[in-house]
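Architecture and fold: a report
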Amino acid sequence: MKFIVIGITDNPQPFFPPEVLEIIRKGKAFSGGRRHHEIVSSLLPADAEWIDITVPLDAVFEQYQNSLRGEARGEVPIIVFASGDPLFFGFANTIRRKMPEADIVVYPTFNSLQMLAHRLLMSYDDMRIVSLTGRPWPEFDRALIERVGKIGVLTDREHNPAAIAQRMLDYGYTDYQMHVGEHIGNPSLEKITTLALKEATLRDFSMPNCVIVTQTGQRETLLGIPDSAFTLLDGRQKMITKMPIRLLTLQALDLPRRQVLWDIGFCTGSVSIEARLLFPHLDIEAFEIRPECEAIIHENARKFGAPGINVHIGDFLEADLSAIPRPDAVFIGGHGGRLKEIMCKVHDVLNPQGIIVFNSVTSPKVTLDSRKLWDETCFGLNLSQAQPLRIQLNDYNPIEILSAHLV
């Protein structure tokens, strides 16, 4: 099939170059959102066929297949109107994904973030673009953690400017200001507002809108969070993976090459939080059996600016893992005497080339020889072990950082 995808703004009196006007004049089948139809309806031929772009999109593409009945099917292009640049998180990408063999021609215009930057006289060659339109938070969180100085955000009704500002404040990213563009491209409705994040949380902004947040200061970056800075479980200093061991553990997990980290027995959340800040590309799933630890990990995540850690409370061995992304890195920080059972359950879902890391305490007071159990379980599961790393901090018992790979 053939598609011509034409970018438009929200201007109720759109401007098109002569070439595009001629394409519209000769067109037979047209498509776009209902708002687009209102804008261009006066330009369409009297006998034009219009297909609304609504969800589910599979039904829309079925209509495309059934349009232009008879000999015209596949020969006459479907003309699609799309907001801004159709290749910028736009409908041309959807066509390419749904119909990879389709013949596509694109006539773009400026997208909303470009126009907002124009109104602000702001250069945007250094702007990180994030779409929250029908998408969750991870890419926006990553931009914050990576201290990106200028972030352009495409919004929706859930991820609106007030919600974005609130999330930034919740995790301590107070060193930004927000620029909101409402109805960009519509001369009678367009509104540009620059305001502090706190003020943005109190405002209602009309749709459609987009956002640019710009950094106004520098947030402290830590390579290794001091143990004393964490909120602890009942104030117990032994219930945290100590900072030097924590960093060595993350090194053993080989996280730059991983995508999904499971932290089993997170307690204070120190490993998950350190991993989130150092490797913000990761999907981190944190598991803990003690319900009181849920508030602790959320408090620590906010304190250190680590949004996006997915927390699961309950017995890991009884957890339904079917809806959770499969890991390629697993840290077992606590096992409650059931190390073998946990490793067996992890083994069943671990992605190829995945790694498991466990820190074994060497102490005559430890009744269960966790190192021996680790070795036996690795042998039984045909896991390939790496050379252990032994470390002792001050008067603490020696610890061995153990790791094993799927063969």
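Structure report, in brief. (Residues numbered from 1 in each chain as written. Predicted model: local features only at pLDDT ≥ 70, side-chain atom pairs only at ≥ 80, totals over all residues. Heavy atoms only, no water.)

Quick word on the overall build of the protein chain
Tallying secondary structure elements over the protein chain gives 13 helices and 18 strands in all. In terms of overall dimensions, the protein chain has C-alpha extents of about 90 × 50 × 35 Å along its principal axes. For the protein chain, buried positions account for 49% of its 407 residues. Element-wise, carbon and sulfur atoms account for 51% of the exposed surface of the protein chain, whose accessible area totals about 20000 Å². Both charge centroids of the protein chain, one from 41 positive and one from 50 negative side chains, sit 2 Å from each other. (Helix = DSSP H or I, 4+ residues; strand = E, 2+ residues; numbered from the N terminus. Buried < 20%, exposed > 50% of the residue type's maximum accessible area, 1.4 Å probe, protein only. Areas by Shrake-Rupley, 256 points an atom, 1.4 Å probe, with all protein chains shown as cover. Lys, Arg positive; Asp, Glu negative; His and termini not counted. Charge placed at Lys NZ, Arg CZ, Asp CG, Glu CD.)

Description of the sheet that holds strand 3 (residues 49-52)
Taking strand neighbours across the sheet as the criterion, the five strands line up as 3-2-4-1-5 in an open arrangement whose pairing is parallel. Of all the strands in the sheet, just strand 3 and strand 5 (103-107) have a single pairing partner and so form its edges. Strand-to-strand twist in this sheet, taken as the mean axis angle between neighbours without regard to direction, amounts to 25 degrees. Its contacts with the sheet place helix 4 (residues 91-98) against strand 1 (2-8), strand 4 (78-83) and strand 5, and it is angled at close to 175 degrees to strand 5. (Pairing = 2+ DSSP bridges. Axes fitted to C-alpha atoms, helices over the stretch in contact; angles between N-to-C directions. Contact = heavy atoms within 4.5 Å.)

Re the sheet that holds strand 6 (residues 128-131)
Strand order across the open sheet formed by five strands is 6-7-10-8-9, with mixed pairing between neighbours. With partners counted over all chains shown, the strands left at the sheet margins are strand 6 and strand 9 (191-196), one partner each. When strand polarity is set aside, the average angle formed by the axes of neighbouring strands in this sheet is 20 degrees. Sheet topology note: the strand 6/strand 7 (residues 150-154) ladder contains four bridges and is parallel. Bridge assignment links S131 to a residue of strand 7, and that residue is L154. Contacting strand 6, strand 7, strand 8 (176-182), strand 9 and strand 10 (209-215), helix 5 (residues 112-119) crosses the sheet at an angle of about 55 degrees to strand 10.

Describing the side chain of H36
Summarising the element assignment, H36 is placed in helix 2 (residues 34-40). Residue class for H36 comes out buried when judged on its relative accessible area of 9%. Within the local environment of H36, its side chain forms a polar contact with the backbone nitrogen of G33, the two atoms lying 3.0 Å apart. With residues up to four places along the chain from it excluded, the contact list for H36 reads I8, W50, F81, A82 and S83. (Polar contact = N/O pair within 3.5 Å; in protein donor to acceptor, adjacent residues only side chain to side chain.)

Here's the deal with the packing of aromatic side chains
By the definition in use, this model includes 13 aromatic pairs. Summarising the aromatic geometry, the rings of F30 and F81 are spaced 6.3 Å apart at their centres and angled 10 degrees between planes, so their arrangement reads as stacked. On the criterion of sequence distance, the pair formed by F30 in strand 2 (residues 29-32) and F81 in strand 4 is long-range, its members being 51 residues apart. A residue is classified by how much of its surface remains accessible, and F30, at 0% relative accessible area, is buried. With a centroid separation of 5.9 Å and an interplanar angle of 20 degrees, the aromatic rings of F358 and W374 are classed as stacked. Of this pair, F358 sits in strand 15 (residues 355-361) while W374 sits in helix 13 (residues 370-380), and the two are 16 residues apart along the sequence. Site record: aromatic cluster; members linked through ring pairs are F3, F61, Y64 and F91. Above the ring of Y171, the side-chain terminus of R302 is found at 5.3 Å from the ring centroid. Positioned over the ring face of F316 is K345, at 5.5 Å from the centre of the ring. (Phe/Tyr/Trp six-rings, centres within 6.5 Å; stacked < 30°, edge-to-face > 60°. Lys NZ or Arg CZ within 6 Å of the ring centre and 35° of its normal.)

Section: the side chain of T94
Structurally, T94 is set in helix 4. A relative accessible area of 11% places T94 in the buried class. Look past the residues within four positions of T94 in its chain and what remains in contact with it is L57 and F61.

Looking at the nonpolar core
Of all hydrophobic cores here, the largest spans 60 residues; its most connected members are F140, I151, M168, M178, L253, L255 and I273. With five residues, the single largest contributor to this core is helix 11 (residues 292-304). (Core = buried A, V, L, I, M, F, W, Y, C linked by side-chain atoms within 4.5 Å.)

Re helix 6 (residues 138-145)
Listed as buried for helix 6 are F140, D141, A143, L144 and I145. In this structure, the buried residues of helix 6 make contact with strand 6, strand 7, helix 7 (161-170), strand 8 and helix 10 (270-278). Backbone geometry just downstream of helix 6 places R147 in the positive-phi region, at approximately 60 degrees.

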